Amino acid sequence: ILNVEQSPQSLHVQEGDSTNFTCSFPSSNFYALHWYRWETAKSPEALFVMTLNGDEKKKGRISATLNTKEGYSYLYIKGSQPEDSATYLCAFWAGSYQLTFGKGTKLSVIP
Amino acid sequence: DTAVSQTPKYLVTQMGNDKSIKCEQNLGHDTMYWYKQDSKKFLKIMFSYNNKELIINETVPNRFSPKSPDKAHLNLHINSLELGDSAVYFCASSRALYNEQFFGPGTRLTVL
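Residues numbered from 1 in each chain as written. Chains lettered and ligands numbered in written order. Predicted model: local features only at pLDDT ≥ 70, side-chain atom pairs only at ≥ 80, totals over all residues. Heavy atoms only, no water.

(A) Structural detail: the overall build of chain B. Each helix and strand counted, chain B has zero helices and eleven strands in total. For 112 residues, the compact-globule formula gives about 13 Å, and the C-alpha radius of gyration of chain B, at 13 Å, lands near that figure. With respect to the three principal axes, the spread of C-alpha positions in chain B is 35 × 30 × 25 Å. Each of the 112 residues in chain B was classed as buried or not, and the buried ones make up 47%. When contacts within chain B are restricted to residue pairs at least 6 apart in sequence, long-range pairs at least 24 apart make up 54% of them. Surface summary for chain B: the accessible area is close to 5,600 Å², and the carbon and sulfur share equals 47%. (Helix = DSSP H or I, 4+ residues; strand = E, 2+ residues; numbered from the N terminus. Rg over C-alpha atoms; globule rule 2.2 N^0.38 Å. Buried < 20%, exposed > 50% of the residue type's maximum accessible area, 1.4 Å probe, protein only. Contact = heavy atoms within 4.5 Å. Areas by Shrake-Rupley, 256 points an atom, 1.4 Å probe, with all protein chains shown as cover.)

(B) Layout of the interface of chain B and chain A. Opposite the 18 residues of chain B that make contact, chain A presents 17 residues. For the pairing of chain B and chain A, the buried interface totals around 1,600 Å² over both sides, and the portion due to carbon and sulfur atoms is 71%. By the criterion of area lost to chain A, the three top residues of chain B are Phe42, Leu43 and Tyr98 of chain B, representing 41% of everything that side buries. Along the contact surface separating chain B from chain A lie zero salt bridges. If you look at where chain B meets chain A, you find three residue pairs in polar contact (both at pLDDT 80 or more). Among the secondary structure elements, those contributing two or more residues to the side of chain B that touches chain A are strand S4 (31-37), strand S5 (43-50) and strand S6 (53-57) of chain B. In terms of residues, the side of chain B that touches chain A owes the most to one element, S4 of chain B, which gives three residues. Partitioning the side of chain B that touches chain A into residue classes produces twelve nonpolar, four polar and two charged. (Buried area = accessible area lost by both parts, 1.4 Å probe. Salt bridge = Lys/Arg side-chain N within 4 Å of Asp/Glu carboxyl O. Polar contact = N/O pair within 3.5 Å; in protein donor to acceptor, adjacent residues only side chain to side chain. Nonpolar A, V, L, I, M, F, W, Y, C, P; charged D, E, K, R; others polar.)

(C) Inspection of the state of the cysteines at higher detail. Residues and elements named next belong to chain A. Taken as a whole and assessed by the stated rule, the structure comprises two disulfides over all chains. Here Cys23 connects covalently by a disulfide to Cys90, the sulfurs 2.0 Å from one another. Its S-S torsion of about 75 degrees marks the bond between Cys23 and Cys90 as right-handed, since a negative value means left-handed. Here Cys90 lies in strand S9 (residues 86-94) and Cys23 lies in strand S3 (residues 19-24), a separation of 67 residues in the sequence. (Disulfide = S-S within 2.5 Å.)

(D) Representation of unusual backbone geometry within the structure. A cis amide bond links Ser7 of chain A to the next residue, Pro8 of chain A, at an omega of -5 degrees. Here Pro8 of chain A shows up in the loop between strand S1 (5-7) and strand S2 (10-14). With an omega dihedral of -5 degrees, the bond running from Thr7 of chain B to Pro8 of chain B counts as a cis peptide bond. Tracing the backbone through its elements, the reader meets Pro8 of chain B in the loop between strand S1 (4-7) and strand S2 (10-13). For Ala41 of chain A, which is not glycine, the phi torsion reads 70 degrees and is therefore positive. Note that Ala41 of chain A resides in the loop between strand S4 (30-38) and strand S5 (45-50). With phi around 45 degrees, Ser80 of chain B is a residue other than glycine that occupies positive phi space.

(E) Quick look at the side chain of Ser73 of chain A. All names here are of chain A. Following the sequence through the fold, Ser73 ends up in strand S8 (residues 72-77). Here the side chain of Ser73 touches Thr65 through a polar contact of 2.7 Å, landing on its backbone oxygen. Sequence-distant contacts of Ser73, that is, excluding residues within four places in its chain, are made with Phe21, Thr22, Cys23, Phe25, Leu33, Trp35, Met50, Thr65 and Leu66.

(F) Main features of the pairing of S4 of chain A. Residues and elements named next belong to chain A. The buried fraction of S4 is high, at eight of nine residues. The sheet contact formed by S4 and S9 spans eight bridges and is antiparallel. Counterpart to Tyr36 in the pairing with S9 is Leu89. Linking S4 to S5, which pair antiparallel, is a turn of six residues; within it Ala41 sits at a positive phi near 70 degrees. (Pairing = 2+ DSSP bridges.)

This is how it looks when you write it as structure tokens:
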């Protein structure tokens, strides 16, 4: 079982604030790192797939960075909106088809 | 058109029964997955098929068996259901291994 940790577990931010959270994973045997957004009563939706050390991806106000050597990825949300409220999951792929999801960071944006 | 569909959406059954959950994707993907969302809402992978070949088979009871009749379908059979099997089960697919996954709507299984 691979250790994939996300922090914080949950956070509340005011509308308009920017925020970020972390996914930590083993630094060896890295293959890919995914970020998913999971709204209540819906299914997870892919945000980013990151494969190279130093990768930076952006989609609108959301961006992510990747450091495979130290084993972490950051997800940033600029100018949070109530519709950003969701649980954000990271998923770590190691070699030999090993896939582990983190437990998620639950974001609540207060209008 | 629903990209990844699961049937049924809800399944209520008695302990000891055998049941199946079906999953179909119309995205032309090569890889399909089954996940269990446990009581703490965490997602855990159970199985993955790539081009109809089983490639991920996590430590789940052998009462659970995946079956892939073709690349577009991955069904989950569960024998001798137990109370602890109650959970939401998600199916997903991806173009290939390590690619972004598209999730189905989930099947809520309740074992009484």
